[in-house]
Amino acid sequence: MFKLIAEENGARTGELKTAHGTITTPAFMPVATKATVKTLNTQELKETQTDTIIANAFHLYITALEAIRDAGGLHNFMNWNEKIFTDSGGFQIIRKDFKFKITENGIEYTDPKNGEKQTYTPELCMKIQDDLGSDVAMVLDHCPPHNATPDEVIEATNRTTRWAERSKKAHNPRKEQQLFAIIQGGTNPKLREKSTHELTEIDFDGYAIGGLSIGETKELMQKTLRYTTPLLPSEKPRYLMGVGSTRELLNAITTGIDIFDSTYPTRNARHASITTRDGRINITRQKYKNDQRPLEEDCNCYTCQHHTRAYLHHLFKQKELLALRLATIHNIHHTQKFIQKIQTAIREGELQRFREDNEKNC
Ligand SMILES: [Zn+2]
């Protein structure tokens, strides 16, 4: 299902075949938590060069599962005929504080609609993702916070393995859905190794590195990646969760990561923070008030082809909704173009040079 095309000093480009087509890696997935990449319709999304998105199983479970099931799955429901990953949503239950408690059985939480106590188990999580019909499902894992004690990290890592075993047993591969496990272990090399060993023994279609980009320093994240990524089987896709700035993408790709997701480009866009090849700019600053250039010279996204910085500045200042959409189009497009250039660079053995040329500004 995953085929390596080329490698350069550990960085890889490849192809992941799914039920809805092939994903060329490295790949970046914009986040569609609630079955929408915020502000964009699916046609606009495709025009940003996006062909894979990630939705959130837990959110869709508590809001729209029946309608999605009746529609024949998430692809139909949101009119997206391309690739979809679904995350378990366990991380969001914990982060958004659904008055949760983690037990061996699963994550106990309070349903915000009726105040009832519920348990989100690895088996339920598999069933939901089966109903959603995503191309790649993620196991439910236990992600400890970045400031957890060593004992808490050990407990979470071991539980992640036990839950992964249960997920694999409960997973229904009938719809050609692939299942990825999530490596935990905090920033402890021994635990990362243990987690990787145990999960690869169970054997999944791919492996994500979880528990990073959750508040630890960039240096610690990069260090953890450098020793964790090479432990993963080279013939399977490797996915780093929650990373999306161009600099971090480039750094992680050099360690051998293939797939990413992050709200970075979309959230920044909604806060008027525009990614360009010369770095990030805040378009609401006074100096853009009468700037008649596009957001980025030579960018062929819809926004840059049709509008100026001055117009975007004006829309943001006036709190017009179109501002959010136009900025989102550009930021995702910028990220996807950046990733495509990296794919080409790896194929041509030019990644090192690409890195030297781009490191300063990305
Ligand atoms: Zn643009």
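What counts as what
- Residues numbered from 1 in each chain as written.
- Predicted model: local features only at pLDDT ≥ 70, side-chain atom pairs only at ≥ 80, totals over all residues.
- Heavy atoms only, no water.
- Donors = N, O, S within 2.8 Å, 3.2 Å for Na, K, Ca; no water.
- Tetrahedral: all angles 85-135°; square planar, octahedral: opposite > 155°, others 65-115°.
- Disulfide = S-S within 2.5 Å.
- Salt bridge = Lys/Arg side-chain N within 4 Å of Asp/Glu carboxyl O.
- Helix = DSSP H or I, 4+ residues; strand = E, 2+ residues; numbered from the N terminus.
- Buried < 20%, exposed > 50% of the residue type's maximum accessible area, 1.4 Å probe, protein only.
- Phe/Tyr/Trp six-rings, centres within 6.5 Å; stacked < 30°, edge-to-face > 60°.
- Lys NZ or Arg CZ within 6 Å of the ring centre and 35° of its normal.

Quick notes on the coordination of the zinc ion
Looking at the metal site, the zinc ion is ligated by Cys299 (SG), Cys301 (SG), Cys304 (SG) and His330 (ND1), spaced 2.1 to 2.3 Å from it. Around the zinc ion, the 4 donor atoms are arranged such that angles at the metal cover 100 to 117°; this shape is classified as tetrahedral.

Overview of the state of the cysteines
Counted under the stated rule, the structure contains 0 disulfides. Looking at the unpaired Cys143, the closest cysteine sulfur is the one in Cys125, lying at 14 Å.

Examining the pattern of salt bridges
Within this structure, the stated rule accounts for 18 salt bridges. The salt bridge involving Arg166 is made with Glu123; its shortest N-O contact spans 2.8 Å. With Arg166 in helix H7 (residues 150-170) and Glu123 in helix H6 (residues 122-132), this pair connects stretches of sequence that are 43 residues apart. Residue class for Glu123 comes out partly exposed when judged on its relative accessible area of 31%.

What about the packing of aromatic side chains?
Two numbers describe a pair of aromatic rings. These are the distance of the centres and the angle of the planes. For the coordinates displayed, the defined rule picks out 7 aromatic pairs. Taken together, a centroid distance of 5.0 Å and an interplanar angle of 85° make the contact between Phe58 and Tyr109 edge-to-face. Of this pair, Phe58 sits in helix H2 (residues 57-63) while Tyr109 is found in strand S8 (residues 107-110), placing the two residues 51 residues apart along the sequence. For the pair Phe58 and Tyr109, a shared accessibility class is recorded, and that class is buried. With a centroid separation of 6.2 Å and an interplanar angle of 35°, the aromatic rings of Tyr61 and Tyr120 are classed as tilted. You can see Tyr61 sitting in helix H2 and its partner Tyr120 sitting in strand S9 (residues 117-120), a full 59 residues away along the chain. According to the relative accessible area criterion, Tyr120 is buried, its value standing at 0%. Chaining the aromatic ring pairs together yields one cluster made of Phe58, Tyr61, Tyr109 and Tyr120. Directly above the ring of Trp80 sits Lys46, whose terminal nitrogen or CZ lies 5.9 Å from the centroid. If you follow Lys168 out to its NZ or CZ, it ends over the ring of Phe204, 5.7 Å from the centre.

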